[in-house]
Amino acid sequence: MIPDIALTPMGTQSRETMEAAAATQDALAWKLPSEDRVVESMFGQADEAGDQVRKASDFALGYVRHEPIKTLLIAAAAGALLMVVVSMAVGSRKLARG
């Protein structure tokens, strides 16, 4: 037996399908964030990140002003450590090639 759906005109099926798709889209619209809300959220997150960077910068500047010698020694130690790591990496490449 052929189902009744096969006997309906194609235009009716297409219209019904489009109506069902529109109803589904309307039902999902409240669940999916709109582009405006997504962009607004991104700007809010960027503002928060900027505030955190400014706070960290202010803290670092205050530390340097209150502890200049200690800051200089920490920077020198970090630079020396970096040079050791770089020289070890370059040295290991030379050994691997030759």
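Residues numbered from 1 in each chain as written. Predicted model: local features only at pLDDT ≥ 70, side-chain atom pairs only at ≥ 80, totals over all residues. Heavy atoms only, no water.

Novice: I'd love a proper account of the overall build of the chain, names of residues and values included.
Specialist: Helices and strands together make up the secondary structure of the chain, namely 4 helices and 0 strands. Starting at the N terminus and walking to the C terminus, you meet the elements of the chain as α-α-α-α. Out of the 98 residues in the chain, the part that is buried amounts to 2%. In the form shown here, the chain has an accessible surface area of approximately 9100 Å², with 67% of it arising from carbon and sulfur atoms. (Helix = DSSP H or I, 4+ residues; strand = E, 2+ residues; numbered from the N terminus. Buried < 20%, exposed > 50% of the residue type's maximum accessible area, 1.4 Å probe, protein only. Areas by Shrake-Rupley, 256 points an atom, 1.4 Å probe, with all protein chains shown as cover.)

Novice: If you had to explain the pattern of salt bridges to someone new, which residues and values would you point to?
Specialist: For the structure shown, the criterion picks out 1 salt bridge. Across the salt bridge formed by arginine 54 and aspartate 51, the nearest N and O atoms sit 2.6 Å from each other. Linking arginine 54 with aspartate 51, this pair stays in helix H3 (residues 35-66), spanning 3 residues, or about one helical turn. For aspartate 51, a relative accessible area of 37% puts it in the partly exposed group. (Salt bridge = Lys/Arg side-chain N within 4 Å of Asp/Glu carboxyl O.)

Novice: I'd like to hear about the side chain of threonine 71, residue by residue, with values.
Specialist: Mapped onto the elements, threonine 71 comes out in helix H4 (residues 68-97). Its relative accessible area of 19% is what places threonine 71 among the buried residues.

Just geometry here; none of it tells us what the structure is for.
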